[in-house]
Protein chains: 4
Amino acid sequence: MSENTLSGNANIESIIALLHGPDQPGLVARVANWIWERGGNILHADQHRDGEAIVFFQRVEWIPGSASLEEESAAFEAFAQEIGMHVKTSTPNAKPKVGLFASKYGHCFHDIVLRWRSGEYPCDIACVISNHRDLEDDARHYGIPYHYFPMTKENKASVEKEEIECLRSYGVKLGILARYMQILSADFLKGFGYPVINVHHSFLPAFAGARPYQQAYERGVKLIGATAHYVTPILDQGPIINQAVAAVHHRHTIRDLMRKGQDLEKMVLAQAVRWHLENRILTYANKTVVFD
Amino acid sequence: MSENTLSGNANIESIIALLHGPDQPGLVARVANWIWERGGNILHADQHRDGEAIVFFQRVEWIPGSASLEEESAAFEAFAQEIGMHVKTSTPNAKPKVGLFASKYGHCFHDIVLRWRSGEYPCDIACVISNHRDLEDDARHYGIPYHYFPMTKENKASVEKEEIECLRSYGVKLGILARYMQILSADFLKGFGYPVINVHHSFLPAFAGARPYQQAYERGVKLIGATAHYVTPILDQGPIINQAVAAVHHRHTIRDLMRKGQDLEKMVLAQAVRWHLENRILTYANKTVVFD
Amino acid sequence: MSENTLSGNANIESIIALLHGPDQPGLVARVANWIWERGGNILHADQHRDGEAIVFFQRVEWIPGSASLEEESAAFEAFAQEIGMHVKTSTPNAKPKVGLFASKYGHCFHDIVLRWRSGEYPCDIACVISNHRDLEDDARHYGIPYHYFPMTKENKASVEKEEIECLRSYGVKLGILARYMQILSADFLKGFGYPVINVHHSFLPAFAGARPYQQAYERGVKLIGATAHYVTPILDQGPIINQAVAAVHHRHTIRDLMRKGQDLEKMVLAQAVRWHLENRILTYANKTVVFD
Amino acid sequence: MSENTLSGNANIESIIALLHGPDQPGLVARVANWIWERGGNILHADQHRDGEAIVFFQRVEWIPGSASLEEESAAFEAFAQEIGMHVKTSTPNAKPKVGLFASKYGHCFHDIVLRWRSGEYPCDIACVISNHRDLEDDARHYGIPYHYFPMTKENKASVEKEEIECLRSYGVKLGILARYMQILSADFLKGFGYPVINVHHSFLPAFAGARPYQQAYERGVKLIGATAHYVTPILDQGPIINQAVAAVHHRHTIRDLMRKGQDLEKMVLAQAVRWHLENRILTYANKTVVFD
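Residues numbered from 1 in each chain as written. Chains lettered and ligands numbered in written order. Predicted model: local features only at pLDDT ≥ 70, side-chain atom pairs only at ≥ 80, totals over all residues. Heavy atoms only, no water.

**What to know about the interface of chain D and chain C**
Here's step 1: Contact with chain D, which involves 35 residues of that partner, is made by 35 residues of chain C.
Here's step 2: Taken together, the two surfaces of chain D and chain C that pack against each other cover about 2,900 Å², and 54% of this comes from carbon and sulfur.
Here's step 3: Per-residue buried area on chain D facing chain C is highest for D:R219, D:K222 and D:H250; these three make up 24% of the total on that side.
Here's step 4: The salt bridge partner of C:D46 is D:R251, with a shortest N-O separation of 2.4 Å.
Here's step 5: The interface formed by chain D and chain C contains 20 residue pairs in polar contact (both at pLDDT 80 or more).
Here's step 6: In terms of residues, the side of chain D that touches chain C owes the most to one element, strand β11 (residues 240–247) of chain D, which gives six residues.
Here's step 7: Of the residues belonging to the side of chain D that touches chain C, the class tally is 16 nonpolar, ten polar and nine charged. (Contact = heavy atoms within 4.5 Å. Buried area = accessible area lost by both parts, 1.4 Å probe. Salt bridge = Lys/Arg side-chain N within 4 Å of Asp/Glu carboxyl O. Polar contact = N/O pair within 3.5 Å; in protein donor to acceptor, adjacent residues only side chain to side chain. Helix = DSSP H or I, 4+ residues; strand = E, 2+ residues; numbered from the N terminus. Nonpolar A, V, L, I, M, F, W, Y, C, P; charged D, E, K, R; others polar.)

Listed below in C-alpha cells is the structure:
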C-alpha cells in the first residue's frame, strides 16, 4: 500500500446499487440471485427494513461477470424496477464533478479540497462558487476554477441562474456548501436538480437559523454541535446526514465556541461528503439511511 | 487506599466557599489574604471572570487555622459580604439530606442510590418520594424510607404540600428527580425552597417537553442526548448543569433510543449530582458555572 | 409499546445464524435462496468479507416458513456445513443461562443484574459465583442463588472444579466476570467449555495486568479506558469485544481514575454482554466481528 | 467581533506566569498580593497542588499597573524565585517563532499552517524543515521558507547540526513535528534547547514505535488513537499533552485506520500546540499539568 494514497479500491471494477421500495419476502434472495446467475460476485451487501413504514433498503456492491459495467448497471436497474424498487447505480471509479460553495471562512473549504487532493474522495472538484473573493488565491493555488458571484437581495434570482449555468457547464452533480453564507432558493435547488450538502453550525434542530453560537452561548448549553444535511427549500430542515458535538464550559467565550465549532464543522461535513461520494446514503421520509 | 471506598477527602476538615459578585481589582488577593492571615491553608482555588457581565466567580477550599469550621465559615461569610460578594460556605464532611423522586423507571434511581451506598456521594439519601409503588421494595432493601404519593390533576396542589411537609421532616436540602414523571409546580418549588436537579431525556433545547425520543426519531437526528438541569417554574428551561450524547443510526428503533438514552440519563444525572454535592456549581443568569 | 420493557422482539419466532468460512462466489445468494425457497423471510442479513484472509462472515436472521424453529435450525446448520461454513444458530427467545462472577466491587454486578431485571437482556442469570460474601445480601434481594467459593493459591484447582460443577448444575452457557478478581485457569476454561466475558480496567493492550489505574496515573495519560474481551488462557490477551475511554487530567487522583473508570467498566461490559446475548459476535484469529 | 479573526485577547497587555515548586502555606496569597500591591489586576489564576509529591503549580495572568510588561515580568520572576518557585513569564502578544517539521504526509502540516494563518495561533511559523520536497510548493504558497534536508543514516549527525543552525537563524523557540518521519537524536534536542511537540499515531503507551496502525489492526482493538507529547531522547516516552481516540470495527482496513487516524492526529496536535502557545502547560515528573 502506498503511503501517499488513501484512495481505496480504486482499481476494482465494481457496481454499487442503492435500492428502496415496499418490503416483500424474498428481496434479498432475488437480488443476490440475479447477480450470481449472471456470474457476478457480491463484495458487500447491507440491507435495512423499516419495520414501521414496511420499506426495504439495500446497498449492494458487486463485481459483474462478463458484461461491461454500463451494460450490467442498466440491466440491474431494469430488474430492480421490475421488482418494485427505486434504484440508483454507480461505480466507485466514476468520479462525479463537484461544485464547492464558499464565502469568507476557509476552514471547510480547505479541509474538503485537501482531502480530495490527497486522494481521499472519489470525485473531481470542478469549480468553486463564492460571493466573496477571499479564497480566490487559494483556489488558484489548488488549480480549481473560481467563480465570483457577488450577491445582493436584488440580484439574487438572476445570479442564481448564472450559477446554475456555471455548474452545468462543468457537469456538476453535487453541491457542497462549505460554510457558504447564502441561502439557496427553492428555484435554485429545482433548477440545479442535484443534491446539495450543507453544514450548519449547531446541533439541529437546536439553534436553527442565524447565529447559532450566540444562541448556544446565551442558553448556556454544555455541548455545541454541527450538522451536515441535504439542502431542501425549508431552511435547516433537510435530511440529517451526520452530527457531532464538543464539550464547552463557562470559560468559553462565543469566540471559543466558534473556534471549537469550526473543528466540528470540518469533521461533520467531511464525513457526510465521503458517505455521499461512496454512494452510502439513501433518503426517505426526510431522513437518511447511511450504509456505513 | 481502601478498595471499597470512593469517598474522597473524608477526613480533611476544610471549608468550601462559593462566591460571586461584581468584579473589582484585588478580589483574588483579598480572599487569599483573609485566609492566610488567619492561619488557613488554601487547598484549591478556582476563579472565573465573565468578561461580558463583569462578574467575578470563585470557589475556594481551605483548611482553617485554629478556629472551628463553624466559626470560620461564619467569619468568612461576613467578610465576603463586606467586599460585595454573594457567598455560600459548606464543608465536605457535612452530608446534606437528599430527597429522591422517582416514578416507574428504576435506572436513575438505582444508579444514584448505588453510588451513594458505595461512598461516592457526600450526602444522606433521606427518603424516596414516588407517585407509584414500583420501586418500593427496592427502596426497602436499600433501607431508605419510601413515601407513596399518588397524584392526580385534582389532588396535585394538596399532595405537593404533603410532599413538602415530608421533605421538611427529614431536613432535605436537595431534591433529585430520577426520571420522576410529574412536573413540579411553581408553588412546590417556592414552598420547598431548595435546589432540585432534573434529568431530561433529550439534548435541550432540542426536543423539550413530552416524548423526546419520539421527536428525535421522527426528525432523524444522528445523536440523542440527555440534560441535567436545575428545575425552575418554566418547564425544561432551567440552568443546564451537564449534557451528553450518543450516536444513533437508521437501524435504531424508538425502543433502542430509549435504551441508549437511559444510559445517558444515568451518567448525566450522576455527574450533575456529584458536582452539586461537592459544592462546585454556581448559577447566574440562568446558566451554571461548574468548577470541576 | 410498554414503558416498562426494553425487551425487544420478544414475540417474533425467528432464527439467527452466525456463519464463517472460506469466501467463495455466490454465498450470499445461496444462503438467501435456501431461506426463501423454504418459505422463510429474512429480517436482517449482514455480511463481511475479510479481504486479506479471504474469509466470509455472515449474520442472518429470518422467520422460517412452516417448519418448527428446531427443525429449521437443524436443517440450516446441515446446509451451511455443506457449503463449507462454520455455523451456530440460536433464537432470540432462547434465554441462555448465565453465571455471574463477582468479588467485592459491586458496580458491574448491579449494572448487569438491573439491566437483566428490566428486560434488557435475553438471558437468565442463573447464579452468582464469588470469592467473597460482600454481594450475597444483594443477590438474595434480586432472587439469584449466590455461591461463595473462598479461594487460595492452595485450593484453587479443586475449587475451580467445584465451580464448574456448580455452573453445570444450572446449565450455564455464558460466564460474565463482573470485576471478578481471580484469574481463571486454562483448566477452568477448558472444563467449563463455554465463552467467558471479562472487563479489564484499562484500554488494552496498554496497562495489561495488575493495577492499571496506578499504571495510567504514573504514565500521565490523558484518557483512561476499559476493555471487554473473551477470556483465553493468556491473561488480558483474548479477542476484544468493546472498548471505551474517558478524559482525565492532572487534577485527577488515582481514586478519581478508579471512579471514572468504574463507569467505563459498566458501560463497556454491558454492551459486550448485550452483543453476545443477541448473537452478534463471531471470533476469528483472536479478533471479533461484531454485527451491530 | 470580527468574523475573520479567532485571535483572542490580542490587544490586552497582560503577563502570564507559570510557577511550580515545593508547596507551602500562603503561596496563593503571596502571589496575589504581589500583583495587587503593584496595581495589577488578575484576569485568571489557576493552581494545582499535587497531594502526593507536595508540589504547587500555578498559572496566573494579570494586567500590570504602571510598569512595562518587561519590567514587571522581570520583577515577578525575581519575586517568584525568592519564594522558591521555578517560574516562566510570557505575554500573549509575544509571538514565538516556530519551526515546523514535516515529511511527506501533509495533513498535520496544512492543519497547523491554516490555523496559524486564520489567526488561531499566537506565533510566527518561521520555517519548514523537511527531509522531502513534497510540501515545498505548498509552503511557498503560504509564504513560509522551506528548508530541504535530505537525511541518511550516515549524514544524520551533521544534518541535524545544520538544522539547528537553521532554526537558530530564525530565532525558533518551538519545534512542531507534523508527522515528521525522522527520530530526533538526543544531541539534536540538547543542541536545539527548546521544546519540541510530536504527534504519535497511536494511543500511547499502546503501540509505541513503528507502524502503530498495523499493530492496532492485528490486535483487533475497537478504538484507535493519537497522542501529542513533548519529545525526549527516549522514543515515544515524553510527557503526554493530549490524546484522542476514534471507534473502529471489523470492516475497517488498515487504510481506513490510517484515514481515521489522520483526523485524530490533526486534532490532537492542533490542541497541544494551542495549549503550548497560550502558555498553559507545565511539565513535571514526565507528566504535564495543562491549565485549560
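On we go from here.
**Considering the packing of aromatic side chains**
For any pair of aromatic rings, geometry is given as the distance between the ring centres together with the angle between the planes.
Here's step 1: Inspection of every chain in the model, using the stated rule, returns 42 aromatic pairs over all chains.
Here's step 2: Ring plane angle 45 degrees and centroid distance 4.8 Å describe the contact between D:W62 and D:F76, whose orientation is recorded as tilted. One end of the pair, D:W62, is in strand β3 (residues 55–63); the other, D:F76, is in helix α2 (residues 69–82), and 14 residues separate them in sequence.
Here's step 3: Between D:F109 and D:Y142, the aromatic rings sit 6.1 Å apart at their centres with planes inclined by 55 degrees, giving tilted as the arrangement. On the criterion of sequence distance, the pair formed by D:F109 in helix α3 (residues 107–117) and D:Y142 in helix α4 (residues 136–142) is long-range, its members being 33 residues apart. For the pair D:F109 and D:Y142, one class covers both residues: buried.
Here's step 4: Of the aromatic side chains, those joined through ring pairs into one cluster are A:F101, A:Y180, A:F188, A:F192 and A:Y194. (Phe/Tyr/Trp six-rings, centres within 6.5 Å; stacked < 30°, edge-to-face > 60°. Buried < 20%, exposed > 50% of the residue type's maximum accessible area, 1.4 Å probe, protein only.)

**What about the domain arrangement of chain A?**
All names here are of chain A.
Here's step 1: Partitioning chain A into domains gives domain 1 (3–90) and domain 2 (97–290).
Here's step 2: Distance between the C-alpha centres of domain 1 and domain 2: 29 Å.
Here's step 3: Tallying the contact residues gives 16 residues for domain 1 and eleven residues for domain 2.
Here's step 4: Carbon and sulfur atoms make up 59% of the surface buried where domain 1 meets domain 2, a total of about 1,100 Å² over both sides. (Domains from an automatic or database assignment.)

**Section: the packing of helix α1 (residues 27–37) of chain A against helix α1 (residues 27–37) of chain C**
Here's step 1: The geometry of α1(A) relative to α1(C) is characterised by a closest axis approach of 8 Å and an angle of 135 degrees between their N-to-C directions. Judged by the inter-axis angle, α1(A) sits oblique to α1(C). Relative to α1(C), the crossing made by α1(A) is left-handed. Seen from α1(A), the contacting residues are A:V28, A:A29, A:R30, A:A32, A:N33 and A:W36; seen from α1(C), they are C:V28, C:A29, C:R30, C:A32, C:N33 and C:W36.
Here's step 2: A per-class count over the contact of α1(A) with α1(C) returns eight nonpolar, two polar and two charged. (Axes fitted to C-alpha atoms, helices over the stretch in contact; angles between N-to-C directions. Parallel < 35°, antiparallel > 145°, perpendicular 65-115°, else oblique. Left-handed = near helix turned anticlockwise from the far one by under 90°.)

**Topic: the relation of the copies chain D and chain C**
Here's step 1: After a rotation of 180 degrees and a shift along the axis of 0.0 Å, chain D superposes on chain C with an RMSD of 0.0 Å. Here the symmetry operator amounts to a two-fold rotation axis. Relative to the rotation axis, the C-alpha of D:A206 is the closest in chain D, positioned 2.4 Å from it.
Here's step 2: Interface residue correspondence from chain D to chain C reaches 100%, placing this contact among same-surface, isologous pairings. (Least-squares fit on C-alpha atoms with pLDDT ≥ 70 in both.)

**Observations concerning the sheet that holds strand β8 (residues 172–177) of chain D**
Residue and element names in this part refer to chain D.
Here's step 1: In space, the seven strands of this open sheet follow the order β7-β6-β5-β8-β9-β10-β11, with mixed pairing throughout. With one partner strand each, in any of the chains shown, β7 (146–148) and β11 form the two edges of the open sheet. Strand-to-strand twist of the sheet, defined as the mean angle between neighbouring strand axes without regard to direction, takes the value 15 degrees.
Here's step 2: Pairing of strand β6 (residues 124–130) with β7, which is carried by three bridges, proceeds in the parallel orientation. Bridging across to β7, V128 finds its partner in Y146.
Here's step 3: Most of the contacts of α3 go to β6, to which it runs at about 165 degrees, and overall it touches β5 (97–102), β6, β8 and β9 (196–200). (Pairing = 2+ DSSP bridges.)

**Focus: the pairing of strand β8 (residues 172–177) of chain C**
Residues and elements named next belong to chain C.
Here's step 1: Counting buried positions along β8 gives five out of six residues, so the element sits mostly inside the fold.
Here's step 2: Strand direction decides the pairing type here: β8 and strand β9 (residues 196–200), joined by three bridges, are parallel. The residue of β9 that forms the bridge with L177 is N198.
Here's step 3: Read from β8 through helix α6 (residues 186–192) to β9, the crossover connection turns out right-handed. (Right-handed = clockwise from strand over helix to strand, strands pointing away.)

**A look at the sheet that holds strand β10 (residues 223–230) of chain A**
Residue and element names in this part refer to chain A.
Here's step 1: Overall, mixed pairing links the seven strands, which are arranged β7-β6-β5-β8-β9-β10-β11 in an open sheet. Edge positions in the sheet fall to β7 (146–148) and β11 (240–247), since each of these pairs with one other strand and no more. Averaged over all pairs of adjacent strands, the angle between strand axes in this sheet comes to 15 degrees, irrespective of strand direction.
Here's step 2: Of the strand pairs in this sheet, strand β5 (residues 97–102) and strand β6 (residues 124–130) are connected by six bridges, and their pairing is parallel. Looking at the pairing, A102 lines up with S130 of β6.
Here's step 3: The sheet contacts of helix α3 (residues 107–117) involve β5, β6, β8 (172–177) and β9 (196–200), and relative to β6 the element is tilted by about 165 degrees.

**As for unusual backbone geometry**
Here's step 1: Cis geometry marks the peptide bond from C:L204 to C:P205; its omega dihedral reads 5 degrees.
Here's step 2: A positive phi angle, near 55 degrees, is found at A:I54, a position not held by glycine.
Here's step 3: Here A:I54 is to be found in the loop between β2 (41–50) and β3 (55–63).
Here's step 4: One non-glycine residue, C:N279, lies in the positive phi region at around 55 degrees.
Here's step 5: In this fold, C:N279 is placed in the loop between α8 (254–277) and β12 (281–284).

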